[in-house]
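Residue-level structural notes
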Amino acid sequence: MTQDEELWIPLVDDEPISALVAEIQQEHPEMAELVASPRRLLAFRTFAYIRVGLVLGELLFEDEIEPYDGSAAWVEALLANPVHRQALTNELRTTAEEIATDSRYADDEPLGPDEGARERFREFARKKLGPE
């Protein structure tokens, strides 16, 4: 097994925290740009899940939420407050920025094709498919 194969430890992507991280990441695409390599993305997700969990725990203790009545989970109740959602967004942005500036990832190749490969594909598609 190579070092790269060992890197892709499966992460649980169907958990509430991972869904929340993915949702905030979609709302803020600049975060994805900061962690656009396999190793950076793995580090980001790992630390993001931990840090979001910690922030949610802090918010749960700091904020008075209504007792559970079956209508919404405590996380949803917390995130109904825009200040709390912004706190999570800030934590994720900080995590992405720290990973983006970490020298251990300086030589990482970006995820997906580079702009040159994309342009070659566009040219190939134009030749094969003809004008639109």
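Above: the structure in question.
**Quick look at the pattern of salt bridges**
Per the stated rule, a full pass over the model turns up 8 salt bridges. For Glu 23, the salt bridge identified is with Arg 85, shortest N-O distance 2.6 Å. With Glu 23 in helix H2 (residues 16–27) and Arg 85 in helix H6 (residues 82–100), the pair connects residues that are 62 residues apart, well separated along the chain. Look at Glu 23 and you get partly exposed, because its relative accessible area is 36%. The exposure class assigned to Arg 85 is buried, which follows from its relative accessible area of 18%. For Arg 126, the salt bridge is made with Glu 123, and the minimal N-O distance between the two is 4.0 Å. Here Glu 123 and Arg 126 lie together in helix H7 (residues 115–129), a separation of 3 residues that amounts to about one turn. The class of Glu 123 is partly exposed, set by a relative accessible area of 34%. A single network of salt bridges, built from pairs that share partners, joins Glu 119, Arg 122, Glu 123 and Arg 126.

**Notes on the packing of aromatic side chains**
Counted under the stated rule, the structure contains 1 aromatic pair. Summarising the aromatic geometry, the rings of Phe 121 and Phe 124 are spaced 6.4 Å apart at their centres and angled 40° between planes, so their arrangement reads as tilted. Placement of both Phe 121 and Phe 124 in helix H7 is noted, with a separation of 3 residues, approximately one turn of the helix. Relative accessible area serves as the criterion here: at 55%, Phe 121 is assigned to the exposed category.

Cut-offs and rules
Residues numbered from 1 in each chain as written. Predicted model: local features only at pLDDT ≥ 70, side-chain atom pairs only at ≥ 80, totals over all residues. Heavy atoms only, no water. Salt bridge = Lys/Arg side-chain N within 4 Å of Asp/Glu carboxyl O. Helix = DSSP H or I, 4+ residues; strand = E, 2+ residues; numbered from the N terminus. Buried < 20%, exposed > 50% of the residue type's maximum accessible area, 1.4 Å probe, protein only. Phe/Tyr/Trp six-rings, centres within 6.5 Å; stacked < 30°, edge-to-face > 60°.

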